[in-house]
Amino acid sequence: MTALTAVLFVVSVMPARAGEKAAGTETVPDVEHRPNGVLVVEPGSPVDKRLVVSTVNVSKWNRGTTSPGTIVAEPARNVTVLPPAAGRIIDMTVKIGDHVQVGDELAHILSADVAQATADEIKARADLDLARRTLKRTQGVLSAGGGTTRDLESANTALIEAEAEEDRAQTRLDALSASTTDSGVMTLKSPIEGDVSVVNATAGMNITDITQTLVVVTSIDEVWAVADVPERDIAGLALGQPVNLTMPAFPDKIFHSTVSGITPIMQPDSQVLHVRAILPNLDGKLHPNMYANMTVMEPEPATLSVPQSALLMNNDAVTVFVEIKPHTFERRAVRIIYDEGDNCRVLSGLNPGERIVTSGAILLNDD
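Every value quoted in this text rests on a predicted model; they were computed, and no experiment measured them.

Calculation criteria
Residues numbered from 1 in each chain as written. Predicted model: local features only at pLDDT ≥ 70, side-chain atom pairs only at ≥ 80, totals over all residues. Heavy atoms only, no water. Helix = DSSP H or I, 4+ residues; strand = E, 2+ residues; numbered from the N terminus. Buried < 20%, exposed > 50% of the residue type's maximum accessible area, 1.4 Å probe, protein only. Contact = heavy atoms within 4.5 Å. Pairing = 2+ DSSP bridges. Salt bridge = Lys/Arg side-chain N within 4 Å of Asp/Glu carboxyl O. Core = buried A, V, L, I, M, F, W, Y, C linked by side-chain atoms within 4.5 Å. Phe/Tyr/Trp six-rings, centres within 6.5 Å; stacked < 30°, edge-to-face > 60°. Lys NZ or Arg CZ within 6 Å of the ring centre and 35° of its normal. Expected span 1.5 Å × (residues − 1). Polar contact = N/O pair within 3.5 Å; in protein donor to acceptor, adjacent residues only side chain to side chain. Axes fitted to C-alpha atoms, helices over the stretch in contact; angles between N-to-C directions. Parallel < 35°, antiparallel > 145°, perpendicular 65-115°, else oblique. Left-handed = near helix turned anticlockwise from the far one by under 90°. Nonpolar A, V, L, I, M, F, W, Y, C, P; charged D, E, K, R; others polar.

Caption draft 1: The overall build of the protein chain, seen in detail. Looking only at helices and strands, one finds 4 helices and 25 strands in the protein chain. In the protein chain, buried positions account for 35% of the 367 residues. Long-range pairs, those at least 24 residues apart, make up 69% of the contacts in the protein chain between residues at least 6 apart in sequence.

In structure tokens:
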């Protein structure tokens, strides 16, 4: 075989180039390049079958600022019960975990102060009764022609003073949560409905410090999520913003709320603001001191979005292929913002409703 014959034999058995197909002795490309960067894809060709064309959509985006936080009991639903006076605890009627209603008894305390207050109230009540009888008797004497107007005025004054003293004595007893029917014993009662979360006393213990916590009653039907938002992220903070909360205890669940409070003072040691969101907790699954990550969502204007699979680099520019008519495309530069996920925002270069190549665009990218 001569050298020329060998060269002709090699050429005759070489396959068609990528993008061409054999048709007798001619080759027809899948993609035709036309002026101004227009590309025409042959219908039904291998390239055409691999292209996916989709419509450019308008999307609403949210930029979330995530900060660590905790679940806390609402202060108005977390009440510390203190002893009104010194004394000795007779008994504790509750234990940790008990559910109590408003007015339920928590403890009974024998107190000398209560005994004195009880005696004062009994004496004041007796004096009031005497003052009323004295006034009535004076009025009767005066109507019968005896006595003087001055006697009547004195009786009226004595009645007013007795009423004031009885009110004072009764108010003192009420402040001590005591009753005159059980001299010397004061009864601590629950101020709210909730669960007993702390008990720091036992029967027989002497109380000498009236600032000592005896019982804490907490209601967790509604709790707060409080997060520390750093100074760099507070520019967009506002009341009513949507909030998403995630917790290690519920890894597959997102809790939704809104910003209900923002502390007015930046914490000087950590440069953060405390941000609060309210969460209903009727099932009791959220407990104070649980960890929670708070994401404050900042809505942004609606923008166009495209999948990142549509993007191609061309001479340091980000481009997409736009379908100007069936099987006909043009390359167009776009300005985009990358976001987490499969899509990105388009700032310029596309219009709503236009169709672009979202899969297989690399087959057209031969520049």
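Having put the structure on the table, let's press on.
Caption draft 2: Local environment of the sheet that holds strand β8 (residues 87-92). Spatially, 4 strands are ordered β11-β10-β8-β13 in an open sheet, and the strand pairing comes out antiparallel. Each edge of the open sheet is held by one strand with a lone partner, namely β11 (185-189) and β13 (206-207). Inspection of the sheet shows strand β10 (residues 105-110) paired to β11 by 5 bridges, in the antiparallel sense. In the strand pairing of β11, E105 is matched with K189.

Caption draft 3: A look at the pairing of β10. As paired strands, β8 and β10 are joined by 4 bridges and run antiparallel to one another. Bridge pairing in β10 places I89 opposite I109.

Caption draft 4: Spotlight on the pattern of salt bridges. Scanning all chains against the criterion turns up 12 salt bridges. With a closest N to O distance of 2.8 Å, E74 and R77 form a salt bridge. Residues R232 and D233 are paired through a salt bridge, measuring 3.9 Å at the closest nitrogen-oxygen approach. Each of E74, R77 and E222 takes part in a single network of salt bridges with overlapping partners.

Caption draft 5: Region of interest: the nonpolar core. Judged by nonpolar contacts, the single largest core of 23 residues is most densely connected at L106, I109, L188, L214 and V215. Going through the elements one at a time, β7 (78-81), β8, β10, α3 (112-143), β11 and β14 (215-218) are the ones with two or more residues in this core. Here the element with the most residues in this core is β10; it accounts for 3 residues. Beyond its immediate chain neighbours, meaning those up to four positions away, I109 contacts P83, G87, R88, I89, I90, G184, V185, M186, L188, I207 and L214. I71, A227, V229 and A292 belong to the second-largest nonpolar core, a separate cluster that totals 20 residues.

Caption draft 6: Inspection of the packing of aromatic side chains at higher detail. Enumeration over the complete set of coordinates arrives at 1 aromatic pair. The lysine or arginine in question, R276, covers the ring of W224, its NZ or CZ lying 4.3 Å from the ring centre.

Caption draft 7: Quick look at helix α4 (residues 149-175). The end-to-end C-alpha separation of α4 is 39 Å, in line with the 39 Å expected for 27 residues at 1.5 Å each. Looking at α4, one finds that the buried residues are L152, A155, L159, A162, E166, A169 and L173. The secondary structure elements touched by the buried residues of α4 are α3. Where α4 ends, the next residue or the one after it, S177, has phi of about 55 degrees, a positive value.

Caption draft 8: Structural detail: the side chain of T218. Its place among the elements puts T218 in strand β14. In terms of polar contacts, T218 uses its side chain to reach the side chain of N78, at 2.4 Å. Residues in contact with T218, not counting those within four places in the same chain, are A73, R77, N78, G194, D195 and S197.

Caption draft 9: Expanded view of α3. For α3, built from 32 residues, the straight-helix expectation of 46 Å at 1.5 Å per residue is met to within 8% by its first-to-last C-alpha distance of 47 Å. Among the residues making up α3, those that are buried are V114, A117, T118, E121, A124, L128, A131, L135 and T138. Where α3 is buried, its residues touch α4 and β11. Where α3 begins, the capping side chain belongs to S111, and its oxygen is found 3.2 Å from the backbone nitrogen of D113. Just downstream of α3 lies G145, where phi reads positive at about 100 degrees.

Caption draft 10: Region of the structure containing the sheet that holds strand β9 (residues 99-100). The strand order across the open sheet built from 4 strands is β7-β14-β12-β9, with neighbouring strands paired in antiparallel fashion. Here the strands that pair on one side only, and so sit at the sheet edges, are β7 and β9. Bridging between β9 and strand β12 (residues 194-199) involves 2 bridges; their strand directions are antiparallel. Bridge pairing links H99 to D195 in β12.

Caption draft 11: Inspection of unusual backbone geometry at higher detail. Although it is not a glycine, N289 adopts a positive phi angle of roughly 80 degrees. When you line up the elements, N289 lands in the loop between β18 (272-280) and β19 (291-307). Residue classification places N289 among the exposed residues on the basis of a relative accessible area of 65%. Despite not being glycine, N315 has its phi angle at roughly 55 degrees, a positive value.

Caption draft 12: Expanded view of the packing of α3 against α4. Packing of α3 against α4 leaves a shortest axis separation of 8 Å and a crossing angle of 160 degrees. With respect to each other, α3 and α4 are oriented roughly antiparallel. When you trace α3 past α4, the crossing you get is left-handed. Across the contact of α3 with α4, the residue classes break down as 14 nonpolar, 7 polar and 12 charged.

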